[in-house]
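What the coordinates show
What follows is the residue order along each chain.
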Amino acid sequence: MSIRNRVATVLGFNAIPTTILLVLIYAAIFSTVLVTDNLPSVPKDTRGLDLDQAWLDLHQVSARPHPFNSHANDLVRDYIRDRLGDVASQYPHVTIHDDFVSNASWASALLSAKPYAVYYEGNNILVKVEGTDPDFRDSGGFLLSAHFDSVSTAPGTTDDSMGVVTLMQMVEYFAKNRAKRTVIFNINNGEEDGLNGAHAFMEHPWANISDVFLNLEGAAAGGRPAMFRVTTTAPLYSWTGDHVPHPHANVISAEAFSRGVIRSGTDYSVYEQGGLHGLDFAFYRGRSRYHTKYDSIPGMVGGKKALWAMMEGTHGASLALANDDAMHAEPGKQDQPVYFDLFGAALVIFSLETLFVTNVVLLTAGPIVFLLLAYSEHIVRFSKRIRHRHHSHANANGSQRNETSREGALAVLKKIGTSLWGPAKFWAALVVSACLQAALIAGYVDLNPFVIHTYPFLVLTSATTLAYLTTVLVLTFPLNKYGIVPAPEQQKLSILSQTYIFTWILLVFSTVLVRKIAIGGTYFITAWNAVVLLGSIVAYVEGMTSARGFEPEHDTEPEGQRYARGIRYEAVRTDEPTNGRQTPGRIVEDPEPTEITPLVRRERPLPPRPAGEEQGAIGWWILQLLLVVPLPVILIFHIAIQLLGAMNQTLTDGNDPTSLYTLVSILALFIVLPLAPFSINAHRLLTSIVLFVFVLSTVFTWVAFPFSQETPLKVYFAQAVDLSASGTGIERVVTALTGPKQFLASHILTELPSAFGKPVDCYDATDKVGLRTCTWEVSDALAPSPGGRKFVSSGIEKPWVSSSFLRTGSNTARITVRGLNTRSCTLQFANQRISKFRVIEDGEKGLQKGYEVPEKGLEQIRLWSRNFGKEFEVEVEWKDGDASEQDVEGRISCGWAEYESATVGGGKSGGKIPSLEEIIQFLPEWAVVSKSRSGLFEARRSFSI
């Protein structure tokens, strides 16, 4: 074989070169995305930040659970205050304010089905580092925010101690390296109980200094943090590679937050509501450890590297936001950005309006270009077909003119069958893939819905391999009983054309979403449609130029039998193995330039063509593959990895498994579809390997146990104590656990001694949709204790909850309430909705702007004090009407969050929750407990005014 023919064999459009190139492209994309998705190493130059000191601070701040309603919270606050005080004492341009004066009241119905209001007394730690430009000392500043409280069931290393120690480092950095603009630090308290500290900050005068913010959060347990949300485009440029060496961000995460797919709230929403522009930077992976004992230094993912990832991103973005005027949005400008990172090295940013305009251009101009090229290619090939027929008829012998009627009928049937199956098989592959993916989803939901919790990549592998198998097998199936299959080049062009139509349809839906509900996460569809259009243009140009591969060294075709080669859309008999190459020794007439295969004339034997001559022009198919496949696969796989990391463990939060598995299947299908035009040459060995991987991954994930100690099942604890009328006696204690019904009753409750032999009542959870709550009454031995000084000087026991009620008018009342050794009490109203309320100490300040009482009124008022055991005095008013003379009924309660194994100094506060200690002790190793609400237990009693 000549060198030319050897090169043609290697580079021609046949099975081996196509398969090798596809495998190399997908392997390169998958490996690069996965490798760059890991935490980067800590550099030698930490840019003026002291990672070792931050690591030491982290051990102090997250030594134990320290919720707002705990004495450990005061110790953490004192440590942070002392550390920052040491810095401020050295620099006159650094000011610290212990904010013990900012109180806030607001109403909200966003996070609960029951409309409620909050009164909160803050104790935030505020720091101001004055900038060098006097124009930005009182306005135009930059706010950095993190919260130092944790939940009651977690030390809070990720949520949010890493954010706090990062801000402590940034205070010292800006003290030594003054920025152009004034920088405000809000190290706030009470975030876990409803974003309370951010609300209190908005009451402070320093809140008016800043116009842009960066909020640091932790919605998981370590790993790689991401820039989750941004208000406008301007501050987003602080996250580009020029400022942040390893940017990690995607607009889809913001859309998941805004639409409740990820059930978390951060201070970002308070600042945004207050008119500031900014960003939300948060950890997001490992939600099974979030708000549990594993959110600790030993339990966090990544260790020092995770801490550095937050410090590095905060440092780079903060320098830009504090010094670059371009990062501050114009007042009133509300442009919405679309953004995503590529391999953790570059951040792509454009506006939602740009995406919409691009979509419209592609929707209108794209089809015009596509159809014009298709028509032009048709004319060119048709003219060549006419010339070829002229030469063929001039040199044909008499026997060729005497075709039998049966041969003509067979030719017509072959042409019709091929022309119908050509364009239809792509859509058949889509239908078959969708049906089998639906069956796979049903299998997961019915057999093992929580397996994605621990094995997300195996689930994605299962769905992706199934998508590959259905796509390849359907596209290569010869649906013609006469054994006629179009040549690979013809099939490639046909499938490429149908892929363009498919992406154009997707683009229509994407454009509607962009315009109607401002969804920017469909940017990958825009890119996919554009590259498929480019690939189609190249394919049609290839056809018009009749480009071909290397000519054989000797022309073996007889005179008069030569035809325009290059792209020959000939028919290949299925009973003759070709391996993607043309069948030697036969001339097949060129077809019409669509998917229609021409009538096949009686074939005349020719001398064999050299084996090295391949179908199509060498190099053109490679260019088309490089245009069509890599970019959409890169974009979609990036999205798949981030969504899996953020959502695979949200089923224990109550998310719907069908929706999650459907999302995985759609992403898997989209990862595979770009290779469809070239899959007709996929080698059988590759298909066999993919089949083996599919069977192995699917069978394993259908039978594997879904939880482990590294990825535990999270259950939610709460306890209620019904008090006697005096407030000191206990009438009954009820424990509640919330979790997935498949495991709660059969695996968890059976291990708890307090539930043995007790009637257990299980029902759908009211506050966590999709989960079940089981309750049972416990004995007095497991009754909790609020701690604190339980007796007055005369020896009389203090009531857990003391209160008084006074009807001051037909529709007004005054209520006082105090809880023993707690900062938190709640007023719950049963038969009246509250239209106004005021805490006496707060004066006539009123509710925060944008947080007014809803029209339907309030069912609940939550009261938070900065001091333990404070008495709240509240005036309430309800709408006057027919019920104005009726008694106002409801329930008053106070909450506690301290227990012996997590109490300061081994129990100095005296708080005890024996039922929680029992659950911690007897839970299986693959399960872990978290809090169900702010208070681990509440003591309550009814009232009537």
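Summarised in this report is the structure supplied together with it. (Residues numbered from 1 in each chain as written. Predicted model: local features only at pLDDT ≥ 70, side-chain atom pairs only at ≥ 80, totals over all residues. Heavy atoms only, no water.)

Next up on the list: the nonpolar core. Within the largest apolar cluster, 219 residues are counted, with the highest numbers of intra-cluster contacts made by Ile80, Phe174, Phe185, Leu214, Trp239, Leu737 and Val876. No other element matches helix α18 (residues 630-647), which puts twelve residues into this core. The next biggest cluster of nonpolar side chains, apart from the first, holds 23 residues, and it includes Ala104, Tyr116, Ala200 and Val270. (Core = buried A, V, L, I, M, F, W, Y, C linked by side-chain atoms within 4.5 Å. Buried < 20%, exposed > 50% of the residue type's maximum accessible area, 1.4 Å probe, protein only. Helix = DSSP H or I, 4+ residues; strand = E, 2+ residues; numbered from the N terminus.)

We now examine the pairing of strand β4 (residues 124-129). When you tally the buried positions in β4, you get six out of six residues, the bulk of the element. As paired strands, strand β1 (residues 94-99) and β4 are joined by six bridges and run antiparallel to one another. Within β4, the residue paired with Thr95 across the bridge is Lys128. The pairing of β4 with strand β6 (residues 183-188) spans five bridges and is antiparallel. In the strand pairing of β6, Ile125 is matched with Ile187. (Pairing = 2+ DSSP bridges.)

As enumerated under the stated definition, the model contains 28 salt bridges in all. Where Lys304 meets Asp52, a salt bridge forms, and the shortest distance between an N and an O atom there is 2.7 Å. Of this pair, Lys304 sits in helix α10 (residues 304-323) while Asp52 sits in helix α3 (residues 51-61), and the two are 252 residues apart along the sequence. Ionic contacts of the salt-bridge type, sharing partners, join the residues Glu121, Glu841, Arg866 and Lys870 into one network. (Salt bridge = Lys/Arg side-chain N within 4 Å of Asp/Glu carboxyl O.)

Turning our attention to unusual backbone geometry. The omega angle of the peptide bond from Asp159 to Asp160 is 10°, so this bond is cis rather than trans. Relative to the assigned elements, Asp160 resides in helix α5 (residues 157-176).

A few words now on the pairing of strand β15 (residues 730-739). The buried fraction of β15 is high, at seven of ten residues. Pairing geometry for strand β14 (residues 713-723) and β15, over eight bridges, is antiparallel. Each residue of the ladder has a partner; that of Ala718, found in β15, is Ala736. Where β15 lies against strand β17 (residues 772-778), seven bridges are found, and the strand directions are antiparallel. Within β17, the position partnered with Val733 by the bridge is Val778.

Inspection of the secondary structure assignment puts Leu307 in helix α10. Counting along the chain gives 249 residues from Leu307 to Leu58, while the straight-line C-alpha distance between them is 9.2 Å.

Further remarks concern the packing of aromatic side chains. One pair of aromatic rings is described through two measures. These are the centre distance and the angle between the planes. In total, this model carries 39 aromatic pairs according to the counting rule given. Ring geometry for Phe30 versus Phe637: centroids 4.4 Å apart, planes at 35°, classification tilted. Taken together, the residues span a long stretch of sequence, with Phe30 in helix α2 (residues 15-36) and Phe637 in helix α18 at a distance of 607 residues. Owing to a relative accessible area of 6%, Phe637 belongs among the buried residues under this scheme. Ring geometry for Trp427 versus Phe502: centroids 6.2 Å apart, planes at 70°, classification edge-to-face. Of this pair, Trp427 sits in helix α13 (residues 405-447) while Phe502 sits in helix α15 (residues 488-517), and the two are 75 residues apart along the sequence. An aromatic cluster is built from Phe340, Phe350, Phe426, Trp427, Phe502, Tyr523, Phe524, Trp528 and Phe670, whose rings are joined through pairwise contacts. Its guanidinium or amino end placed over the ring of Phe136, Arg181 lies 3.8 Å from that ring's centre, counting from NZ or CZ. (Phe/Tyr/Trp six-rings, centres within 6.5 Å; stacked < 30°, edge-to-face > 60°. Lys NZ or Arg CZ within 6 Å of the ring centre and 35° of its normal.)

Fair warning: the whole summary comes from geometry, so function is off the table for now.
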